[in-house]
Amino acid sequence: HRDLHSFPTRRSSDLVKTRIEQMRPDGTFDRIEELFRRTTQFNATGRQFPASRLASLAASGNARVFALHVSDRFADHGLVGAAVVEQGEITGLVMSCRVLGMGVEHQFVRHIAGAMGTETITATIVPTARNIPVRNIYRDNGFVLGEDGAWRRECACDDTMSASLVPAEPSGREQGTELRADPVE
């Protein structure tokens, strides 16, 4: 993995820490596969990605796989979110419901958009009976809905600190800035 950034955040009086990684092809993708298979509420497209496909995407020059790790003063929630970006389009976005409301979903989407470094990033929401919690994630983070039903965000390059990509530290090295985890309006 490559550690993209760590974000200590405050939710009320609880310190929330996030670590976002860009997965390498030799990474372990079982938990990410499980998230895409089992998550129904915060799943933007309903797509499922087998571990072998995730590894292929991570090896591709036209795709990236991101993983989100979260902890707070009560627990290490572990790997709770994932995203797949193919050719500038977020084709998969999932997050465990146990961390929703901490604000980490907004940090994750903004960081992905910025890390892509492209002029425009595209995303889609495929509505299901259960994914109501994910439906405003792109709107709430600077994406604009096009007439074709795709969400687009222009020049997201300023939102990331990915210019200093470093290998992930297993020690959980803390870095970053303190951000409020208040919901974005």
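Criteria and thresholds
Residues numbered from 1 in each chain as written. Predicted model: local features only at pLDDT ≥ 70, side-chain atom pairs only at ≥ 80, totals over all residues. Heavy atoms only, no water. Helix = DSSP H or I, 4+ residues; strand = E, 2+ residues; numbered from the N terminus. pLDDT = per-residue confidence, 0-100. Contact = heavy atoms within 4.5 Å. Buried < 20%, exposed > 50% of the residue type's maximum accessible area, 1.4 Å probe, protein only. Arc of directions from axis to C-beta. Pairing = 2+ DSSP bridges.

Okay, unusual backbone geometry next. Backbone geometry at Gln87 places phi at a positive 50°, although glycine is not the residue there. Note on placement: Gln87 falls in the loop between β4 (76–86) and β5 (89–95).

Per-residue pLDDT for the protein chain has a mean of 80; in total, 75% of the residues score no lower than 70. Scored below 50 in pLDDT, residues 5–13 shows 49 contacts in the model against residues more than four places distant or in partner chains. Counting interchain partners and residues more than four positions distant, the pLDDT-below-50 stretch residues 160–185 has 55 contacts.

Turning to helix α2 (residues 51–59), a few remarks are in order. Along α2, the residues classified as buried are Ala51, Leu54, Leu57 and Ala58. For α2, the buried positions fall inside an angular range of 120° around the axis, keeping them on one side. Seen from the buried face of α2, the exposed residues on the opposite side, beyond 90 degrees, are Ser52 and Ala59. Turning to α2, the residues buried within the fold contact α1 (30–38), β3 (63–72) and β4.

A few words now on the pairing of β3. Two faces, one strand: in a regular strand the side chains alternate between the faces of the sheet. Here β3 lies mainly inside the structure; nine of its 10 residues are buried. Of the strand pairs in this sheet, β3 and β4 are connected by nine bridges, and their pairing is antiparallel. Looking at β4, one finds that Val70 is bridged to Gly78. Connecting β3 to the next strand, β4, in antiparallel fashion are three residues.

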